[in-house]
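# Coordinates in review
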Amino acid sequence: MILPPATLGMLGGGQLGRFFVSAAHEMGYKVWVLDPDPHSPAGLIADRHLVAAYDDYVALDTLGSECAAVTTEFENVPADTLDYLTKFIPVHPAASAVAVCQNRIAEKTFLADHGLPHGPFAVIRGEDDVRNANAELFPAILKVARFGYDGKGQARVADRDEAIAAFQHFKGEPCVLEKMLALDFEVSVVLARDEAGNVRAFPTGENRHRNGILDVTIAPARAAACPSEGTQLSAQQIAERIADKLGYVGTLGVEFFVCRGELVVNEMAPRPHNSGHHTIDACDASQYEQQVRALCGLPLATPRQHSAAVMVNLLGELWYEDGKGHGTYREPDWSLLHAVPGLRLHLYGKHHARPGRKMGHFVVTGDDAEAVLERALAARAAIGIRDE
Ligand SMILES: Nc1ncnc2c1ncn2[C@@H]1O[C@H](COP(=O)(O)OP(=O)(O)O)[C@@H](O)[C@H]1O
Ligand SMILES: [Mg+2]
């Protein structure tokens, strides 16, 4: 067991890393963050911020010699970096698990190999793969295998010609071509797994996206999003199987589509997940505390969600006069949110807002799930988020 006041290492300095730093601090640990951005949200509150690239071996040597263990908040950390650090200290999740989650081809192949539910797809490495793809995949989405996030690196394509054009636009990068599914709902499971294989899952959450980016999470998911009684449980069971097969240690997010009452795994995130932010406000142990526990070999908490919760993401366009990224740049009027009962605002300290950039979020909690949703949606409208 790694106990306080040990120093923990975090690869990546985004908001997920920032919440990890907060959780670790509350538990008595120190945290060093490695991120090339001098203004990174986690770096700002870390005990030390190593401003360096993920393949800067001098910085990795420092991290490896000063930290007791290291984890990540960013799935695109090079697997070689994780492997290298393994020579010094425990690294969780392992490079092999992160490698599966950071490449859509490896991810889809992993799901197929283990008989886990996934949508129809084809691996695209050249234009001929598009020509040979099953006609039933269209209309489809072409996604670059690596480095896509928040809907980036994706193109919706009606037919083969559009798919070839999109593949050329992505400069021939390896891709997956996914059948466009009719989604009834999107749900996600966040869980933690320790080295002994114990798993603790949070209740399944229901996610709404806007322009390919998570907008609202309703937790726990409403009954309608879990069509059969067993769906909640089986989403958790599928996520647990994924964690087991990956030999995963840490906090893992698994995104699902619900199509005609069936669960389909969309993707996995080898880190805490945006749809698990509310666990800070609505559970007696957060996804970030679980990440600390798994990393340090502490017993996992058995988290209880004590309140219904709705999380709303605050994206950069809110900082612009028209709410879409144009006009005067100014700070949103946070007093409107602070006036809402049961609402907690979390801002990440990013110094410039760009449209689509995750700048903060708020969570409304309470006893009555319907009232919480109503209050959260009213607050979302009041701060200026509109549905086109
Ligand atoms: N095959 C699909 N069919 C229908 N909608 C999809 C499909 N793939 C992605 N989407 C939509 O786009 C969103 C983002 O896609 P995702 O693969 O999760 O990428 P990201 O890494 O950007 O989160 C999904 O949450 C879903 O709303
Ligand atoms: Mg996603």
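About the cut-offs
- Residues numbered from 1 in each chain as written.
- Chains lettered and ligands numbered in written order.
- Predicted model: local features only at pLDDT ≥ 70, side-chain atom pairs only at ≥ 80, totals over all residues.
- Heavy atoms only, no water.
- Pairing = 2+ DSSP bridges.
- Helix = DSSP H or I, 4+ residues; strand = E, 2+ residues; numbered from the N terminus.
- Axes fitted to C-alpha atoms, helices over the stretch in contact; angles between N-to-C directions.
- Contact = heavy atoms within 4.5 Å.
- Parallel < 35°, antiparallel > 145°, perpendicular 65-115°, else oblique.
- Left-handed = near helix turned anticlockwise from the far one by under 90°.
- Nonpolar A, V, L, I, M, F, W, Y, C, P; charged D, E, K, R; others polar.
- Near = heavy atom within 4 Å.
- Areas by Shrake-Rupley, 256 points an atom, 1.4 Å probe, with all protein chains shown as cover.
- Buried < 20%, exposed > 50% of the residue type's maximum accessible area, 1.4 Å probe, protein only.
- Arc of directions from axis to C-beta.
- Polar contact = N/O pair within 3.5 Å; in protein donor to acceptor, adjacent residues only side chain to side chain.
- Domains from an automatic or database assignment.
- Donors = N, O, S within 2.8 Å, 3.2 Å for Na, K, Ca; no water.

### Points about the sheet that holds strand β8 (residues 175–179)
Within the open sheet, the 4 strands sit side by side as β5-β8-β6-β7. Their pairing is antiparallel. Taken across any chain shown, the strands that pair with only one partner, and hence form the sheet edges, are β5 (121–124) and β7 (154–157). For this sheet, the mean angle separating the axes of adjacent strands, direction not counted, is 20°. Pairing between β5 and β8: 4 bridges, direction antiparallel. Bridged to A122 within β8 is L177. Along the sheet, helix α6 (residues 104–113) makes contact with β5, β6 (140–144), β7 and β8, crossing β8 at roughly 50°. Sheet strands in contact with helix α8 (residues 160–169) are β5, β6, β7 and β8, and its direction is about 165° off that of β7.

### Quick look at the packing of helix α1 (residues 15–26) against helix α11 (residues 287–296)
Contact pair α1 / α11: the axes reach a minimum separation of 8 Å and the direction vectors enclose 70°. Between α1 and α11, the crossing angle belongs to the class labelled roughly perpendicular. Read as a crossing pair, α1 and α11 show a hand that is right-handed. Contact residues: α1 offers L16, F19, F20, A23 and A24, while α11 offers Y288, E289, Q291, V292 and L295. Its residues placed into classes, the contact of α1 with α11 shows 8 nonpolar, 1 polar and 1 charged.

### With respect to the site of ligand 1
Around ligand 1, a shell composed of 20 residues is seen, among which K143, G151, E186, N266 and E267 lie nearest. For ligand 1, whose accessible area on its own is 540 Å², the fraction buried by protein is 92%. If you list the elements that add at least two residues to the shell around ligand 1, you get β6, β7, β8, β13 (250–259) and β14 (262–269). Tallied by class, residues from the shell around ligand 1 come to 6 nonpolar, 5 polar and 9 charged.

### Looking at helix α3 (residues 57–66)
Taken residue by residue, α3 has A59, L60, L63 and G64 as its buried positions. Along α3, the residues classed as buried sweep out an arc of 135° about the axis, all on the same side. The exposed residues of α3 that point more than 90 degrees off its buried face are V58 and S65. Those residues of α3 that are buried are in contact with β1 (7–11), β2 (30–34), β3 (48–50), β4 (69–72) and α4 (79–86). At the N-terminal boundary of α3, the capping side chain belongs to D56, with an oxygen 3.1 Å from the backbone nitrogen of V58.

### Comments concerning the domain arrangement of the chain
Here the domain parsing of the chain yields domain 1 (7–91), domain 2 (120–179) and domain 3 (185–382). On a C-alpha basis, the centroid separation for the pair domain 2 and domain 3 is 28 Å.

### Quick word on the coordination of the magnesium ion (ligand 2)
For the magnesium ion (ligand 2), the protein coordination sphere consists of E255 (OE), E255 (OE) and E267 (OE), at 2.0 to 2.8 Å. On the criterion of sequence distance, the pair formed by E255 in strand β13 and E267 in strand β14 is long-range, its members being 12 residues apart.

### Looking at the sheet that holds β1
Taken in spatial order, the 4 strands of this open sheet run β3-β2-β1-β4, and their pairing is parallel. A single partner strand is all that each edge strand has here, and the edge strands are β3 and β4. Direction aside, the axes of adjacent strands within the sheet are offset by 25° on average. As judged from the 3 bridges shared by β2 and β3, these two strands associate in the parallel manner. Counted as the bridge partner of V33 is H49 from β3. Against the sheet, α3 contacts β1, β2, β3 and β4, and its axis sits at roughly 165° relative to β2. Its contacts with the sheet place α11 against β1 and β4, and it is angled at close to 140° to β4.

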